[in-house]
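Here's the letter readout for the chains.
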Amino acid sequence: MGRILLVLRLALRDLRRRRTEAVLLLIAILAATTTLTLGLVLRDAAADPYESTRAATKGPDVVAHVGQAAGLGKLATAAGVTEHSGPYPVIAGKLKASGRTSDVQVEGRDATVAAVDQPKVTRGGWVSDGGVVFEAAFADSLDVGVGDSVTLGGRSFKVVGVAVTAAMPPYPGASCVVSTGCVNGAIPDDRDLPAGLLHNPGLVWLTQADVRSLASDRSSLSYVMNLKLADPDEAQAFVDRTGGAMSMQTWGSILADATDLARDSQILLLIGAWLLGLLAVASLSVLVGGRMADQTRRVGLLKAVGGTPSLVAAVLLAEYLLVAVVAAAAGLTIGALTAPLLTESSTGLVGSAGTASLTWSTIGLVTTVALGVAVVATAVPAVRAARSSTVGALADAARPPRRTGWLIALSARLPVPLLLALRVAARRPRRVALGVVSIAVTVSGIYVLLVLNAFLGDQPSTGAYTEAQVAVLRHVLLVWTVILLSLAAVNAIVITWATVLDNRHASALARALGATPQEMTVALAAAQVLPALVGAFLGVFPGGWALFAAINAITGGDSDKATLPAPWQLIGLVPATVLAVAALSAVPARLGGRRPVTATL
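Residues take numbers from 1 onward in each chain, read along the sequence in its written order. Since the coordinates come from a predicted model, pLDDT governs what is reported: local features require at least 70, and pairs of side-chain atoms require 80 or more to be given and counted, while whole-chain, interface and lining totals use all residues. Excluding hydrogens and water, the side-chain values take into account all heavy atoms of the structure.

**Q** Hey, could you run me through the state of the cysteines in this one?
**A** Put plainly, a disulfide is one covalent bond tying together the sulfur atoms of two cysteines. Note on terminology: disulfide denotes any pair of cysteine sulfur atoms within 2.5 Å. Applying the stated rule across the entire model yields one disulfide. With a sulfur-sulfur separation of 2.2 Å, C176 is cross-linked through a disulfide to C182. Measuring the twist about the S-S bond at about 70°, one finds the C176-C182 disulfide to be right-handed.

Structure below.
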């Protein structure tokens, strides 16, 4: 117990002494844990409006629909059914409103309150002779309000109300309950719909008498029945047992369809979370290496006063694990509170997205990822530092450079800043590799963001998403972009600062031999620009292309429907990345290039 307390006290004291580096560590892990939490809890937060609608409308546990009403009669007395409503007649039709024509499913209802699935009126009233009630999301899409006149089946009806239901997902994802069939989403230009098939149909309610009057004959009518079960969780088992040739949909599948938007947002965030996890590992690896270089003498002191290599390694590792635990807790809190802001409360549902409850599985996964990132980035440098010589650590002497003949011959002909930059980069090949990977991951993420942004720009015209849904997905992409670029910026600064610390003796010696502070500043910044250039090219191809292909494989997407970035965008992305890295590296490089020579040597 005393050993653990000693390790914690030493770790906390070191974090307090180096607060700036501790904050950078926290930011790096926090970016990944927050995005991962958002991805894990977003769909739970989006489910709240549907649950509220289900409670307010006496939502059904199972919705059954067939071509003949007689086929539904036996369901009302089936084992496990406690209440039912219907069967109600449904007909497919064309609706004209606000100068637009839309396919529609028209359901006939009673003016009295139903025992199951009584749509909740949000504006106006319920059905009456000659009056039509619109599903709320469908009304919002057509910009239809109470008092407007619409044409349905060649007859004029007055809009008497707008309502929501839990028996069908909101428009444009409505379930199909007519025998003619439906298709949702975009239709390719080279394909035509079969005759009678509805495309992205909306839902409206009329009286049963009005629906029957619109039917050309009885065969054009379909029928729907809503069932309430003793145990809603057994809905799928009930369908499997009694469905047969009958089309049935459980409340769980309706919920899944109603939260499709949140599922798409969730996929985007989870992809972003794993990318940010890779960036966090790269950032921590560099930051840990830089801190180890700055803590060499402290390691020697710990070993000189009796600290064993295992104790030294435990102290160094504990610092990062403590930061990881704090980052995991903060990421879980921020993710749960932010999730409702990134999902749309559809006009076809009541209530708003709530704060998602954190399950133990979510807490465990996020915490494991945070600790894993810290351990992967820290374990090797900590063990290497713990095994170092006590005398060598106390002396904190400059590390002798590795001399490579071809590199010396190549750099000798370069201007002084580039000569020094090439040799600085060559001193730490693993750090250069991390820098290349960091930039490649960032540029790959930007490549995918460009593809997704172009894809979303085409969606309102295809009907796959409404403008409001596209706006929600754009907000998710914005969060992804901001966090990705912020962490990449932190990486660039951290790598430069670690390079400054690691080359402090060599930089001071170069200045003692005649190099100016300006030349050292340019050299330290240029040492980051060279890996950035390589990483940017790799991020465009094959990195960006491979990441996009992986996303398509995971989500089952069709890459042929995506608009790839234009050549000018990809060409411009490379120099833009290099310039951004140069700008971010300039400040720490300038500070490092102007350190006093005498004090350093």
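Resuming the write-up.
**Q** Is there a simple way to explain the pattern of salt bridges in this structure?
**A** Oppositely charged side chains can pair when the atoms bearing their charge come close. Salt bridges, as used here, are contacts in which a Lys or Arg side-chain nitrogen is within 4 Å of a carboxyl oxygen on Asp or Glu. By the definition in use, this model includes five salt bridges. Note that D117 and R109 form a salt bridge whose closest N and O atoms lie 3.2 Å from each other. Exposure classes here rest on a 1.4 Å probe applied to the protein chains alone. A residue is buried below 20% of its type maximum, exposed above 50%, and partly exposed in between. What makes D117 buried here is its relative accessible area of 3%. Under the relative-accessibility criterion, R109 is labelled buried at 2%. Between R155 and D210 there is a salt bridge, with the nearest N and O atoms lying 3.9 Å from each other. Residue R155 is located in strand β7 (residues 155-164), and its partner D210 is located in helix α4 (residues 208-214); the two are separated by 55 residues in the primary sequence. Its relative accessible area of 9% is what places D210 among the buried residues. Counted as one network, the salt bridges with shared partners bring together E107, R109 and D117. Note on conventions: DSSP H or I runs of at least 4 residues are helices, E runs of at least 2 residues are strands, and numbering of each starts at the N terminus.

**Q** Just checking my understanding: could you explain the side chain of R109 for this structure?
**A** Positionally, R109 belongs in strand β3 (residues 100-109). Definition of a polar contact: a pair of N or O atoms within 3.5 Å, with one able to donate and the other able to accept a hydrogen when the atoms are protein atoms, and with sequence-neighbouring residues admitted only if both atoms are side-chain atoms. From its side chain, R109 meets the backbone oxygen of D117 in a polar contact 2.5 Å long. Beyond its immediate sequence surroundings of up to four residues, R109 is in contact with Y88, A114, V116, D117, Q118, P119, W126, V127, W205, L206, T207 and Q208. Contacts between residues were defined by any pair of non-hydrogen atoms, one from each residue, lying within 4.5 Å.

**Q** Looking at this structure, I do not really get the pairing of β7. What am I missing?
**A** In summary, the side chains of a regular strand alternate between the two faces of the sheet. By the criterion of burial, β7 is predominantly enclosed, with seven of the 10 residues buried. Should DSSP find at least two bridges between two strands, the strands are taken to pair. Alignment of strand β4 (residues 120-124) against β7, held across four bridges, turns out to be antiparallel. Bridge assignment links K120 to a residue of β7, and that residue is V164. Where strand β5 (residues 131-135) lies against β7, five bridges are found, and the strand directions are parallel. Bridging from a neighbouring strand, F134 pairs with V162 of β7. Linking strand β6 (residues 149-152) to β7, which pair antiparallel, is a turn of two residues; within it G153 sits at a positive phi near 60°.

**Q** Teacher, can you tell me more about the confidence of the model for the chain here?
**A** The predicted structure's coordinates, where accompanied by low pLDDT, should not be read in detail. Per-residue confidence for the chain gives a mean pLDDT of 77; residues scoring 70 or more make up 75%. Across the chain, each position has a pLDDT score giving the predictor's confidence in that residue, from 0 to 100. Confidence, expressed as mean pLDDT per element, reaches its minimum in the chain at helix α11 (residues 390-395) with 54 and its maximum at β5 with 92.

**Q** Just to check I follow, could you spell out the packing of aromatic side chains for this structure?
**A** Any two aromatic rings considered together are summarised by their centre-to-centre distance and by the angle between their planes. Under the pairing criterion, centres of Phe, Tyr and Trp rings, with the six-membered ring standing for Trp, must be within 6.5 Å; the plane angle then separates stacked pairs below 30 degrees from edge-to-face pairs above 60, leaving the rest tilted. Tallying each qualifying case throughout the model produces four aromatic pairs. Ring centres of F134 and F138 lie 5.6 Å apart, and the angle between their planes is 20°; on these two criteria the pair is classed as stacked. Classification of F134 by relative accessible area gives buried; the value is 0%. Among the residues examined, F138 registers a relative accessible area of 0% and is labelled buried. Judged by centre distance (5.0 Å) and plane angle (50°), the rings of F138 and Y171 are tilted. Taken together, the residues F138 in helix α3 (residues 136-142) and Y171 in the loop between β7 and β8 (182-183) connect sequence positions 33 residues apart. For the pair shown, F138 and Y171 are each scored as buried.

**Q** Could you clarify how one ought to interpret the side chain of Q118 in this entry?
**A** Relative to the elements of secondary structure, Q118 occurs in the loop between β3 and β4. Look past the residues within four positions of Q118 in its chain and what remains in contact with it is T57, R109, T112, V113 and W126.

**Q** Got a minute to help me understand the environment of H65 in this structure?
**A** Looking at the secondary structure, you find H65 in strand β1 (residues 62-66). Overall, H65 belongs to the buried group, its relative accessible area being 15%. Not counting the four nearest positions on each side in its chain, H65 is found in contact with C176, V177, Y223, V224, M246 and S247. Of note is the side chain of H65, whose polar atom sits 3.4 Å from the backbone oxygen of C176.

**Q** Mind showing me how you'd approach the nonpolar core here?
**A** In a soluble, globular protein the nonpolar side chains are often hidden away together inside. Residue types Ala, Val, Leu, Ile, Met, Phe, Trp, Tyr and Cys, when buried and joined through side-chain atoms within 4.5 Å, form a set referred to as a nonpolar core. L75, L95, F134, L152, V204, F238 and M248 are the most contacted members of the largest nonpolar core, which has 65 residues in total. A31, V441, L452 and W480 belong to the second-largest nonpolar core, a separate cluster that totals 34 residues.

**Q** Looking at this structure, I do not really get the environment of L591. What am I missing?
**A** Along the chain, L591 turns up in helix α18 (residues 567-593). The class of L591 is exposed, set by a relative accessible area of 54%. C-alpha separation for the pair L591 and P517, spaced 74 residues apart in sequence, amounts to 9.5 Å.

**Q** Where do I start with unusual backbone geometry in this structure?
**A** Working note: non-glycine residues mostly have negative phi, and peptide bonds are mostly trans. With omega at 10°, the peptide bond leading from F541 into P542 counts as cis. Among the structural elements, P542 can be located in helix α17 (residues 517-555). Of note, D117 is a non-glycine position whose phi angle comes to about 55°, a positive value. In this fold, D117 is placed in the loop between β3 and β4. Unlike most non-glycine residues, N200 shows phi in positive territory, near 45°. Residue placement: N200 occurs in the loop between β9 (198-199) and β10 (202-207).

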